[in-house]
Amino acid sequence: MNIYITLDYELYFGEKHGTVYKCIIFPTNELIKIAEKYNVRFTFFIDAGFLLKLDEFRSKYPTLEEDYKAVTEQIKYLSETGHDIQLHIHPHWEDSYYNGLNWIFDLKRYKLVDFNEIEIEDIVAKYKKVLTDLTGKKIFAYRAGGWCLQPFGKLKSAFIKNEISFDSSVFKNGFYTSNHYSYDFRSAPDKDLYRFEEEPEIENTIGYFTELPISAIKNSPLFFWKLFLLGRKNPYLHKPLGDGIAMPAPGQRKKMLSRYTNCTVCIDGYNAKLLQKALMQLQKKKFKQMVVIGHPKALSRYSIQKLEEFVNKNCNKNNFTTFTKNF
Ligand SMILES: [Zn+2]
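Everything numeric here is computed off the predicted structure, so don't read it as measured data.

Novice: Can you explain the environment of Leu237? Please cite residues and give values.
Specialist: Inspection of the secondary structure puts Leu237 in helix 7 (residues 235-238). Given 15 C-beta atoms within a 10 Å radius, Leu237 is considered partly exposed. Placed 63 residues apart in sequence, Leu237 and Ser300 show a C-alpha to C-alpha distance of 6.4 Å. Excluding anything up to four places from it in sequence, Leu237 contacts Ser300, Arg301 and Tyr302.

Here it is as structure tokens:
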């Protein structure tokens, strides 16, 4: 099995965005320790809009200058030591600013498709460029902010122009719509790798784009109840390392606590408990690719332990790899 541990490298976008140190730097350093101990490498989808905003405001605010240095140095270190740096777009940075104390987010245009096609092209080009300039390496893979990349027809030409030919935003059976979010992957093929042209959930064997979907697993409501209760019982182990608050996703918690849901294979918090089970399920389906998602901000001490156990158990039997190494 090719196993891709992928991390969306970003702050929180809810009421409280949290600090760069706790949401990004510290948890990423914990991941680096595991990577170096077992000689495996991970893929980081960098929230490039954040880097651009930091750059825009850093001359005015010394604390942002420090944040800018910390993240750009960490990204360079990751890239130089063989981790993969790829593109993650949260375009609401376009409408956000720093007030001297906090980032003020305007989430009205949360999805890239909320912008017009000229704006989209500009965003994709400049967000990609900041990562190319930083790493000197080819950026060709994408993870959509909040998994929102439909209707993809609106993004297609900007992606082709910027040679973004890989996507890893789809997960089988995922669907959700709210004020901010909108995605529906229910009709996506049940495959671990396929090509597409117009829409990422519709296979096209001669399409320009390759989809490497995030692996998905069916999850019982009992699992989420346990997660909920454990978090209260042992916050040291189960509390997220990041110090922010997630954007509201109305109805999602209720859905998870009341019925079977299809979830991404994930290393955030208690989800990391399911890594080995997910691997076995995917092997049974004869899949060759396993894509695990995570967020440094949402890792917990527990999930870091579980990730280490998983890597330790599988690093000789399976191939921990990255987008750049494998494609
Ligand atoms: Zn994100």
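Still more to cover.
Novice: Hey, could you go over the nonpolar core for me, with residue numbers and the actual values?
Specialist: Ranked by internal contacts, the top residues of the largest apolar core, which has 84 residues, are Leu87 and Val292. Here this core gets 6 residues from one element, more than from any other, and that element is helix 4 (residues 117-135). Beyond its immediate stretch of four places on either side in the chain, Val292 contacts Ile3, Tyr4, Ile5, Thr6, Ser215, Val265, Cys266, Ile267 and Leu275.

Novice: Give a detailed account of the packing of helix 1 (residues 20-38) against helix 3 (residues 62-80), specifying residues and quantitative values.
Specialist: At a minimum axis distance of 11 Å, the contact between helix 1 and helix 3 shows a crossing angle of 25°. Relative to helix 3, the element helix 1 lies roughly parallel. Crossing of helix 1 against helix 3: the hand is left-handed. In contact with Val20, Ile24, Ile25 and Thr28 of helix 1, helix 3 contributes Asp67, Ala70, Val71 and Gln74. Residue classes in the contact of helix 1 with helix 3 are distributed as 5 nonpolar, 2 polar and 1 charged.

Novice: Break down the pairing of strand 14 (residues 289-294) for me, with residues and values.
Specialist: The buried count for strand 14 comes to 5 of 6 residues, which makes it a mostly enclosed element. The sheet contact formed by strand 1 (residues 2-9) and strand 14 spans 6 bridges and is parallel. Bridged to Leu7 within strand 14 is Gly294.

Novice: An account of the environment of Phe320 is needed here, citing residue identities and associated values.
Specialist: Topologically, Phe320 is positioned in strand 15 (residues 319-320). Put simply, Phe320 and Asn2 are 318 residues apart on the chain and 5.9 Å apart in space, counted from C-alpha to C-alpha.

Novice: How would you sum up unusual backbone geometry? Please name residues and give values.
Specialist: Both trends apply: most residues other than glycine have a negative phi, and most peptide bonds are in trans. In this structure, Pro151 follows Gln150 across a cis peptide bond, with omega equal to -5°. Tracing the backbone through its elements, the reader meets Pro151 in the loop between strand 6 (141-144) and helix 5 (156-161). For Trp147, which is not a glycine, the phi torsion comes out positive at approximately 60°. Owing to 23 C-beta atoms within 10 Å, Trp147 belongs among the buried residues under this scheme.

Cut-off values and rules
Residues numbered from 1 in each chain as written. Predicted model: local features only at pLDDT ≥ 70, side-chain atom pairs only at ≥ 80, totals over all residues. Helix = DSSP H or I, 4+ residues; strand = E, 2+ residues; numbered from the N terminus. Buried ≥ 20, exposed ≤ 12 C-beta atoms within 10 Å, placed from the backbone. Contact = placed C-beta atoms within 7 Å. Core = buried A, V, L, I, M, F, W, Y, C linked by C-beta atoms within 7 Å. Axes fitted to C-alpha atoms, helices over the stretch in contact; angles between N-to-C directions. Parallel < 35°, antiparallel > 145°, perpendicular 65-115°, else oblique. Left-handed = near helix turned anticlockwise from the far one by under 90°. Nonpolar A, V, L, I, M, F, W, Y, C, P; charged D, E, K, R; others polar. Pairing = 2+ DSSP bridges.

None of the figures reported here should be taken as evidence of function without further support.
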